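Chain residues, written in single-letter form:
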Amino acid sequence: MANQGKQVTYVCDASDVSEYGVFTMESGNNKRMMFEKRIKSYCNHWVDRIEPGRVRLSYLYKFGPDLIGPSTGSVPRKDNGGEFDLPIDAVILVTSRYSDTRLWQELKARKAEWAANDIQDVFRIGDCKAPTQLNQALWDAHRLGREFDSPHPAYPLPWIRERQLWGGPTVPALGDPRVNVEAGDRVEGRLDQVSRVHDP
């Protein structure tokens, strides 16, 4: 919108714009880009109301630090104000993302063609399964590649958590088979609590 010449104001309830960008090393460039494009920001603010020509913003930490006597329907802290109206022409809501499953659905619909093309199954990973960050999508693909020959590749095998005993062997030893992840199976005399969710 800024590239179209619009005056843009970014409002978020986090303490920083795109807060997770600190971990992905994008935060610095986000700030440079916003400054270059003259994008204003209100962090630690919440949109209380959207009305024609304005939005009502509220500072997230407007309530005082000390607790006061409770009363029904109100926050038990002193309200220090912090609300104001921001004039606007339009609001763009950045909300939850959704999965793009079109390719997966098309491949599943063509299951009759699988055998002729030596295809046994099709699995979802990354944003097809659930919107994620790039590092999570790569991990999902890597995990499926490692476990592709397991009995149920769509369901991650449990982590191998080695326990090193002083002066004794590592449990489980490298090369030991992983526990069975089928729901209801008994593992070492106890009921396995790991359950599987089947695709419809």
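Our structure is the block above this text.
Asks: Help me understand unusual backbone geometry, please; the structure alone is not making it clear to me.
Replies: Among all residues except glycine, the phi angle is most often negative; among peptide bonds, the trans geometry is most common. At Ser18, a residue that is not glycine, the phi angle is positive and equals roughly 50°. With respect to the helices and strands, the residue Ser18 is situated in the loop between β1 (9-11) and α1 (21-24). Judged by relative accessible area, which is 37%, Ser18 ranks as partly exposed. One non-glycine residue, Arg38, lies in positive phi territory at about 60°. Note on placement: Arg38 falls in the loop between α2 (27-36) and β2 (40-42). A residue is classified by how much of its surface remains accessible, and Arg38, at 59% relative accessible area, is exposed.

Asks: What exactly am I supposed to notice about a nonpolar patch on the surface here?
Replies: A cluster of nonpolar residues, Trp46, Tyr59, Leu60 and Tyr61, forms a patch on the protein surface that exposes about 420 Å² of accessible area. The residue Tyr61 is located in the loop between β4 (54-59) and β5 (63-67) in this model.

Asks: Would you explain the packing of aromatic side chains in this entry?
Replies: The geometry of two aromatic rings is summed up by the distance between their centres and the angle between their planes. The full count for this structure, using the stated rule, is 4 aromatic pairs. Summarising the aromatic geometry, the rings of Tyr42 and Phe84 are spaced 5.3 Å apart at their centres and angled 50° between planes, so their arrangement reads as tilted. In this pair, Tyr42 is assigned in strand β2 and Phe84 in strand β7 (residues 83-87), connecting sequence segments 42 residues apart. The class for Tyr42 is partly exposed, based on a relative accessible area of 27%. A relative accessible area of 26% means that Phe84 is categorised as partly exposed. For the ring pair Tyr59 and Tyr61, a centre distance of 6.0 Å and an interplane angle of 70° mean the geometry is edge-to-face.

Asks: Please clarify how the sheet that holds strand β3 (residues 45-51) should be interpreted in this entry.
Replies: In a beta sheet, neighbouring strands are held together by backbone hydrogen bonds and run either parallel or antiparallel to one another. Read across the open sheet, the 3 strands follow the order β3-β4-β7; overall the sheet is antiparallel. This sheet does not close on itself; its edge strands, each paired only once, are β3 and β7. Strand-to-strand twist across the sheet, computed as the mean angle between neighbouring axes with direction ignored, equals 30°. Alignment of β3 against β4, held across 6 bridges, turns out to be antiparallel.

Rules and cut-offs
Residues numbered from 1 in each chain as written. Predicted model: local features only at pLDDT ≥ 70, side-chain atom pairs only at ≥ 80, totals over all residues. Heavy atoms only, no water. Helix = DSSP H or I, 4+ residues; strand = E, 2+ residues; numbered from the N terminus. Buried < 20%, exposed > 50% of the residue type's maximum accessible area, 1.4 Å probe, protein only. Patch = residues over 30% accessible without salt bridge, like charges linked within 9 Å, V, L, I, M, F, W, Y side chains within 5 Å. Areas by Shrake-Rupley, 256 points an atom, 1.4 Å probe, with all protein chains shown as cover. Salt bridge = Lys/Arg side-chain N within 4 Å of Asp/Glu carboxyl O. Phe/Tyr/Trp six-rings, centres within 6.5 Å; stacked < 30°, edge-to-face > 60°. Pairing = 2+ DSSP bridges. Axes fitted to C-alpha atoms, helices over the stretch in contact; angles between N-to-C directions.

Shape descriptors only; they carry no functional weight alone.
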